[in-house]
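Chain residues, written in single-letter form:
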Amino acid sequence: LPSFLMTKEEDKRLNDYMQMQNQSFNMPIKKTLVINTNNSLIEKIEKLKVKDLNLAKELSKQIYSLAKLSQKDLSKNDLSDFVTNSTNILEKLINI
């Protein structure tokens, strides 16, 4: 697992409580991206920065999007961008 989004338990519980009370109050939940620096993909992206900085940035954004996707936190626009970026990255990797 290269990364995941961490949510404070208090924020999550408060939000769940408000939803159970049928209140339309949607408190934004602060999420922290946690990067697993021991993951081989993360290590390879770090090395890739020297050869192809733009591809390394795109892969980093993709890892963030994957973390959001795993939390069911991608909006429709984000999902569309994710698919487009995935295609672009694959095309670049084929040409290497």
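Nothing here was measured: the structure is a model prediction, and the numbers come from that model. (Residues numbered from 1 in each chain as written. Predicted model: local features only at pLDDT ≥ 70, side-chain atom pairs only at ≥ 80, totals over all residues. Heavy atoms only, no water.)

Chemist: Can you help me understand the environment of Leu 55 in this one?
Modeler: Mapped onto the elements, Leu 55 comes out in helix α3 (residues 53-70). Apart from the residues within four sequence positions on either side, Leu 55 is in contact with Leu 48, Ile 89, Lys 92, Leu 93 and Ile 96. (Helix = DSSP H or I, 4+ residues; strand = E, 2+ residues; numbered from the N terminus. Contact = heavy atoms within 4.5 Å.)

Chemist: Looking at this structure, I do not really get the environment of Leu 90. What am I missing?
Modeler: Within the element layout of this structure, Leu 90 appears in helix α4 (residues 76-94). Separated by 23 residues in the primary sequence, Leu 90 and Ala 67 have C-alpha atoms spaced 19 Å apart.

Chemist: What is the right way to look at helix α2 (residues 40-51) in this model?
Modeler: Taking 1.5 Å per residue as the helical rise, α2 with its 12 residues ought to reach 16 Å, and the 17 Å between its terminal C-alpha atoms agrees with that figure. In this structure, the buried residues of α2 make contact with β2 (31-35) and α3. For α2, the capping residue at the N-terminal end is Asn 39, with a side-chain oxygen 2.8 Å from the backbone nitrogen of Leu 41. (Expected span 1.5 Å × (residues − 1). Polar contact = N/O pair within 3.5 Å; in protein donor to acceptor, adjacent residues only side chain to side chain.)

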